[in-house]
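Take a look at the letters that make up each chain.
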Amino acid sequence: MSEQIFDLVVLGGGPGGYVAAIRASQLGLKTAVIDENPVFGGTCLRVGCIPSKALLESSHLYDEARSHLGAHGISVNGTVSVDLAAMMKRKTQIVGTLTGGIGMLLKRAKVTAINGRGTLQANGSIAVSSSGGPVSTVRGKNTLIATGSLPMMLPGIEFDGVYVGDSTSALAYDKVPERLIVIGGGYIGLELGSVWSRLGSKVTILEAMPAVLGGLDGEIAKLAVRIFQKQGLEFRTGTFVESARRTGDGCQVVIKGGETLTADRVLMCAGRVPNTRNIGLENLNIQTDRRGAITVNEHFQTSTPSVFAIGDAIGGAMLAHKASEEGVACVEMIVTGHGHVNYDAIPAIVYTSPEIASVGKTEEQLQQAGIEYNKGVCPYGANGRARTLGDTEGRVKILAAKTTDRILGVHAIGIRAGDLISEAAVAMNFGASSEDLARCCHAHPTLSEIMQEAALAVSGRAIHT
């Protein structure tokens, strides 16, 4: 059994792992990254963020052509139809281009890319196995676990990956289901539910909690539900699913209390859990919590000093960009002793239409913490660019500390809100006040003026609202 030795071995080639590996190489470490999949990029690129956004964009264009172009004076002659195979082909091509690009990035950075399943060994090495191939071992002076997360399964769900499936299944349906039941009202369920609703499915979203989009600012979440309901999505909150299974050419979902629902497909989106089982943590006595999240200190160090962990594997917000930031910070700590992630300024986006974006604290969190704040709101309808785009639903809300005016949270729902939120994240990283944001000249006419107007509204100086 051959053994290769590196300064750092990264277990997992997703947005946390491959970014960490490249940064480590830049800092002079001889680095390897191991991933069990044929290509690098992790769940996000292969079967998550990127393919779902491709389908969201394609389905949005279909919906626009079918229902909204008339207002622009554009007539579509004949019937607007969906070529699902072509839509899926485009999605696959985008994924292929980007995964190939990551391979080139690793090669250019002189990172050794290893395809196979890595398992931590008691002696500190990592055994790498691949189907049909011999087991090899690699050893790192340091090891970084970046194995990501997996869809969470609930008891009673008879998962078959086709009729009753998860987000990966819903990215590859071979036809538009007439009826789709989504179990879970988080961002994944809403995004994929939106895709298939636009393409013609009757979508029902079942959520066990009292409200969907848990964790978002309550005002924004309520507005989102009203908009999505107008789009045809059906929501049933406080609904506990006892079982879901295939029945012939359809599916049956049993609700607590005895009610039975039928559908063509069931999409399980009840959250995700750290992908930390069966990677050999027990061989090094590395501790996890009850969900499987690896316990780390402020330097991302596990209970084994030479082993570190980041991203979904350590819990917290399960976001690709958070994992990337942690990967960079971790390897910089290993090499220089310094690294930092500002967890108060990590944006989150739901890529529905309209988009929902947030960074920092919600009103509910500030109220619970007893923090006094001022609020400024600007509706999209007051913005000239939104009017020209023909999309005026939504608002931007800025929350600032009452005494210092420092921005504590920004929440937005509306067209391209995901792009707007970056300005707020930058401002918060620099400790900006709402006054700072208000006094920055914003180009006209742009959607960014909504952010400026909301900042002005914090101190009662809004001009256009």
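Because the structure is a prediction, the values reported are computed rather than measured.

Colleague: Tell me about the overall build of the protein, residues and numbers included.
Modeller: Scanning the protein for helices and strands turns up 13 helices and 22 strands. Its C-alpha atoms give the protein principal-axis dimensions of about 70 × 60 × 45 Å. Within the protein, the proportion of its 465 residues that are buried is 50%. Sequence separation of at least 24 residues holds for 64% of the intrachain contacts in the protein that already meet a minimum separation of 6. Roughly 21,300 Å² of accessible area belongs to the protein as shown, and the carbon and sulfur atoms make up 52% of that amount.

Colleague: Break down helix H3 (residues 49-67) for me, with residues and values.
Modeller: Between its terminal C-alpha atoms H3 stretches 26 Å, which fits the 27 Å expected from 19 residues at 1.5 Å a residue. Inspection of H3 places Pro51, Ser52, Ala54, Leu55, Leu56, Ser58, Ser59, Tyr62 and Asp63 among the buried residues, and these make up the whole buried set. At its buried positions, H3 is contacted by helix H2 (42-47), helix H4 (84-108) and helix H6 (187-198).

Colleague: Kindly report on the sheet that holds strand E15 (residues 265-268), identifying the contributing residues and their values.
Modeller: A sheet is described by the order of its strands in space; here five strands give the open sequence E8-E15-E9-E10-E11, paired in parallel fashion. Looking along the sheet, the strands with just one partner apiece sit at the ends: strand E8 (164-165) and strand E11 (234-237). Where strand E9 (residues 179-183) lies against E15, four bridges are found, and the strand directions are parallel. Within E15, the position partnered with Ile183 by the bridge is Met268.

Colleague: How would you explain the side chain of His442 if you had to name every residue and give the values?
Modeller: Along the chain, His442 turns up in the loop between helix H12 (434-438) and helix H13 (448-458). For His442, the side chain forms a polar contact with the side chain of Glu423, separated by 2.6 Å. In terms of polar contacts, His442 uses its side chain to reach the backbone carbonyl oxygen of Cys440, at 2.6 Å. Ignoring sequence-local partners within four residues, the contact set of His442 consists of Glu423, Leu437, Ser448, Glu449 and Gln452.

Colleague: Tell me what's going on with H4, and back it up with residues and numbers.
Modeller: The end-to-end C-alpha separation of H4 is 36 Å, in line with the 36 Å expected for 25 residues at 1.5 Å each. For H4, the full list of buried residues reads Leu84, Met87, Met88, Lys91, Val95, Thr99, Ile102 and Leu106. Looking at the buried residues of H4, the elements they touch are helix H1 (17-26), strand E2 (31-35), H2, H3, strand E3 (112-115) and H6. At the C-terminal side of H4, Lys110 shows a positive phi close to 60°.

Colleague: Tell me about the pattern of salt bridges, residues and numbers included.
Modeller: For the structure on display, the rule yields 18 salt bridges. With a closest N to O distance of 3.3 Å, Lys141 and Asp7 form a salt bridge. Here Lys141 is found in strand E6 (residues 136-145), whereas its partner Asp7 is found in strand E1 (residues 3-11), with 134 residues between them in sequence. Under the relative-accessibility criterion, Lys141 is labelled exposed at 58%. For Lys375, the salt bridge goes to Glu219, with nearest N and O atoms at 3.5 Å. Residue Lys375 is found in strand E20 (residues 373-379), and its partner Glu219 is found in helix H7 (residues 218-230); the two are separated by 156 residues along the sequence.

Colleague: Quick rundown of the state of the cysteines? Include the residues and the values.
Modeller: Counted under the stated rule, the structure contains zero disulfides. As a non-bridged cysteine, Cys269 has Cys49 as the owner of its nearest cysteine sulfur, 13 Å distant.

Colleague: Talk me through the sheet that holds strand E13 (residues 250-255); I want residue IDs and the actual numbers.
Modeller: What the three strands build is an open sheet, ordered E12-E13-E14; its pairing is antiparallel. At either margin of the open sheet sits one strand with a lone partner, and together these are strand E12 (241-247) and strand E14 (260-263). Averaged over all pairs of adjacent strands, the angle between strand axes in this sheet comes to 20°, irrespective of strand direction. Summarising the sheet, E12 and E13 pair through six bridges and their orientation is antiparallel. When the bridges of E13 are listed, Ser243 appears paired with Val254.

Colleague: Kindly report on the pairing of strand E4 (residues 117-120), identifying the contributing residues and their values.
Modeller: On E4, burial follows the alternation: Gly118 and Leu120 on one face are buried, whereas Arg117 and Thr119 on the facing-out side are not. Connecting E4 to the next strand, strand E5 (residues 125-129), in antiparallel fashion are four residues, including Gly124 with a positive phi near 95°.

Colleague: Lay out the packing of aromatic side chains in plain terms, naming residues and giving numbers.
Modeller: Throughout the structure, instances matching the rule amount to one aromatic pair. Considering the side-chain rings of Tyr173 and Trp196, the 5.0 Å spacing of their centres and the 45° angle between planes classify their relative orientation as tilted. Linking Tyr173 in the loop between helix H5 (167-170) and E9 with Trp196 in helix H6, this pair joins segments that are 23 residues apart in sequence. The residues Tyr173 and Trp196 share a single accessibility class, namely buried. Here the guanidinium or amino end of Lys256 rests over the ring plane of Phe240, the centre of that ring lying 5.6 Å away. The ring of Tyr163 carries the charged tip of Arg265 above its face, separated from the ring centre by 4.2 Å.

Cut-offs and rules
- Residues numbered from 1 in each chain as written.
- Predicted model: local features only at pLDDT ≥ 70, side-chain atom pairs only at ≥ 80, totals over all residues.
- Heavy atoms only, no water.
- Helix = DSSP H or I, 4+ residues; strand = E, 2+ residues; numbered from the N terminus.
- Buried < 20%, exposed > 50% of the residue type's maximum accessible area, 1.4 Å probe, protein only.
- Contact = heavy atoms within 4.5 Å.
- Areas by Shrake-Rupley, 256 points an atom, 1.4 Å probe, with all protein chains shown as cover.
- Expected span 1.5 Å × (residues − 1).
- Pairing = 2+ DSSP bridges.
- Polar contact = N/O pair within 3.5 Å; in protein donor to acceptor, adjacent residues only side chain to side chain.
- Salt bridge = Lys/Arg side-chain N within 4 Å of Asp/Glu carboxyl O.
- Disulfide = S-S within 2.5 Å.
- Axes fitted to C-alpha atoms, helices over the stretch in contact; angles between N-to-C directions.
- Phe/Tyr/Trp six-rings, centres within 6.5 Å; stacked < 30°, edge-to-face > 60°.
- Lys NZ or Arg CZ within 6 Å of the ring centre and 35° of its normal.

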